[in-house]
Amino acid sequence: MDYEQMKRALLEYNWDDGFEFPKTLLDSPLCDLSLALQIFDLADGYSYIIGAPYSLDEWTNFIQPLYADILAGKYPKTDTPYSAPYTKVQKYKLQKNGVPHVFLTDLP
């Protein structure tokens, strides 16, 4: 599967099917920061960064390591664009609450 096929498959993915497929994408050598952030957002990373209570262990076991891997720089920054899905007000509030810049910044 090439990068474009990965992105397309991610957008068509039914998250009710669990986290194995997104984990496969994240483990791919083709996965970059843009794709990792998109996966984070589609997996409701917003709830994680605002500290919303979540009682699903499977989700927590997926989102916490992904958050840490993104912060640790596991995924290379490439020329692939990414737009953070937050409004200016949301970005401002998240930034004020100490959310790391990488989750709030668009990639060129």
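Keep in mind it's a predicted model, so treat the numbers as computed, not measured.

S.K.: Looking at this structure, how should I read unusual backbone geometry?
M.R.: Only a minority of non-glycine residues have a phi that is not negative, and only a minority of peptide bonds are not trans. Located in the positive-phi region is Asp44, a residue other than glycine, with phi close to 65 degrees. Residue placement: Asp44 occurs in the loop between α3 (33–42) and α4 (45–49). Residue Asp44 is classed as partly exposed on the basis of its relative accessible area, which comes to 25%.

S.K.: For this particular structure, what's the right way to read the pattern of salt bridges?
M.R.: Any two side chains of opposite charge can pair if their charged atoms end up close together. One pass over the full model with this rule turns up 3 salt bridges. Salt-bridge contacts for Lys23 lead to Glu20; the nearest nitrogen and oxygen are separated by 3.7 Å. In this pair, Lys23 and Glu20 are both assigned in helix α2 (residues 20–27), 3 residues apart and thus about one turn of the helix distant. The shortest N-O distance in the salt bridge between Lys91 and Asp106 comes to 3.7 Å. Residue Lys91 is found in helix α6 (residues 88–96), and its partner Asp106 is found in the segment after α6; the two are separated by 15 residues along the sequence. For Asp106, a relative accessible area of 39% translates into the label partly exposed.

S.K.: What's the story with the confidence of the model for the protein in this structure? I'm lost.
M.R.: For any part of a model where pLDDT is low, the fine detail of the predicted coordinates should not be relied upon. When the pLDDT values of the protein are averaged, the result is 95; 100% of them are 70 or greater. Mean pLDDT across the elements of the protein bottoms out in α4 (93) and peaks in α2 (98).

S.K.: Explain the packing of α3 against helix α5 (residues 57–71) to me, please; I cannot follow it from the model alone.
M.R.: At a minimum axis distance of 10 Å, the contact between α3 and α5 shows a crossing angle of 150 degrees. Between α3 and α5, the crossing angle belongs to the class labelled roughly antiparallel. Here the hand of the crossing between α3 and α5 comes out left-handed. For the pair formed by α3 and α5, the contact residues are Leu33, Ala36, Leu37, Ile39 and Phe40 on the first element and Phe62, Ile63, Leu66, Tyr67 and Ile70 on the second. The residue inventory of the contact of α3 with α5, partitioned by class, reads 10 nonpolar, no polar and no charged.

S.K.: For this particular structure, what's the right way to read α2?
M.R.: Residues lying three or four places apart along an α-helix face the same way, a consequence of the helix completing one turn every 3.6 residues. Pro22, Leu25 and Leu26 are the residues of α2 that are buried. Burial along α2 is one-sided: seen end-on, the buried residues are contained in an arc of 100 degrees. Among the exposed residues of α2, those pointing more than 90 degrees away from its buried face are Glu20, Thr24 and Asp27. Buried residues belonging to α2 abut α1 (3–12), α3 and α5.

S.K.: For this particular structure, what's the right way to read the environment of Gly45?
M.R.: Among the secondary structure elements, Gly45 is positioned in helix α4. Taking the C-alpha atoms as reference points, Gly45 and Thr80, separated by 35 residues in sequence, lie 20 Å from one another. Apart from the residues lying within four places of it in its own chain, the contact partners of Gly45 are Phe40 and Ile63.

Parameters at a glance
- Residues numbered from 1 in each chain as written.
- Predicted model: local features only at pLDDT ≥ 70, side-chain atom pairs only at ≥ 80, totals over all residues.
- Heavy atoms only, no water.
- Helix = DSSP H or I, 4+ residues; strand = E, 2+ residues; numbered from the N terminus.
- Buried < 20%, exposed > 50% of the residue type's maximum accessible area, 1.4 Å probe, protein only.
- Salt bridge = Lys/Arg side-chain N within 4 Å of Asp/Glu carboxyl O.
- pLDDT = per-residue confidence, 0-100.
- Axes fitted to C-alpha atoms, helices over the stretch in contact; angles between N-to-C directions.
- Parallel < 35°, antiparallel > 145°, perpendicular 65-115°, else oblique.
- Left-handed = near helix turned anticlockwise from the far one by under 90°.
- Contact = heavy atoms within 4.5 Å.
- Nonpolar A, V, L, I, M, F, W, Y, C, P; charged D, E, K, R; others polar.
- Arc of directions from axis to C-beta.

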